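# Report on the structure
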Amino acid sequence: MTTPPDPAAFFRQMLGEWEKMANGFGGEAMKSEEWARAMHGASAATTNMQATLKGVMERALAAANMPSRTELEDVSARLARIEASLARIEAATTDPDAAAPRPGPARTRKPPAA
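Sequence order sets the numbering: in each chain, residues are counted from 1 along the sequence as written. Totals for whole chains, interfaces and linings use every residue, but because this is a predicted model, local features are given only for residues with pLDDT of at least 70 and side-chain atom pairs only at 80 or more, for both listing and counting. Calculated side-chain values reflect all of the structure's heavy atoms, with hydrogen atoms and water omitted.

### A word on the overall build of the chain
The way it works is that DSSP assigns letters per residue, a run of H or I at least four long becomes a helix, a run of E at least two long becomes a strand, and they are numbered from the N terminus. Check the secondary structure of the chain and you find four helices and zero strands. Atoms counted for the radius of gyration: C-alpha only. Globule rule: 2.2 Å times the number of residues to the power 0.38. Compactness check: the chain gives a C-alpha radius of gyration of 35 Å against a globular reference of 13 Å for 114 residues, more than 25% above the reference. Here the term buried applies to any residue with accessible area under 20% of the maximum for its type, exposed to any over 50%, and partly exposed to those in between, with areas from a 1.4 Å probe on protein chains only. Scored against the burial criterion, the 114 residues of the chain give a buried share of 2%. The accessible surface values rely on the Shrake-Rupley method and a 1.4 Å probe; as for residues, cover is taken only from the protein chains in view. Summed over all atoms, the accessible surface of the chain reaches about 11,000 Å², with 63% contributed by carbon and sulfur.

### Considering the pattern of salt bridges
Whenever Lys or Arg places a side-chain nitrogen within 4 Å of a carboxyl oxygen from Asp or Glu, that contact is recorded as a salt bridge. On inspection of all chains with the given rule, the structure shows five salt bridges. In this structure, glutamate 73 engages arginine 69 in a salt bridge whose closest nitrogen and oxygen atoms are separated by 3.4 Å. Note that glutamate 73 and arginine 69 are positioned in helix H3 (residues 69–93) at a spacing of four residues, about one turn of the helix. According to the relative accessible area criterion, arginine 69 is exposed, its value standing at 67%.

### Observations concerning unusual backbone geometry
Phi at asparagine 65 takes a positive value of approximately 60°, unusual for a residue other than glycine. Looking at the element boundaries, asparagine 65 is found in the loop between helix H2 (33–63) and H3. For asparagine 65, a relative accessible area of 71% corresponds to the exposed category.

### Topic: H2
Expected span of a helix, by definition, is 1.5 Å for each gap between consecutive residues, and there is one gap fewer than residues. In a regular helix each residue adds 1.5 Å, so 31 residues correspond to 45 Å; H2 covers 45 Å between its end C-alpha atoms and thus fits that length. Once H2 ends, the next one or two residues include asparagine 65, with phi positive near 60°.

### Here's the deal with the environment of lysine 54
Along the chain, lysine 54 falls in helix H2. Linking lysine 54 and serine 68, residues 14 residues apart in sequence, is a C-alpha distance of 9.6 Å.

### Description of the environment of arginine 107
Tracing the sequence through the fold places arginine 107 in the segment after helix H4 (96–99). Linking arginine 107 and methionine 39, residues 68 residues apart in sequence, is a C-alpha distance of 77 Å.

So this is what it looks like as structure tokens:
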């Protein structure tokens, strides 16, 4: 009894060959000076675009009288410091006896002693 041929074997083989060709071509392309210049240019362009977009957003938010991300982060950090200070003050001023719960009545079937 012979086993039927695997219908996906041809596809796997073709995919493997394609990966080898793409890796070989990509490896050779990345070794070139042109590739390095292109990647450096793309990286610089992305950085410049992000800086420009940040400036545009800050100006737009200022025109709309809304806080920027930096201002919100500053307010958040200040609020965290205030909350920490309040927690320290509360811990220093809290009466330790008042914080402890009082014991409740005993839960027994016997009536309390007179």
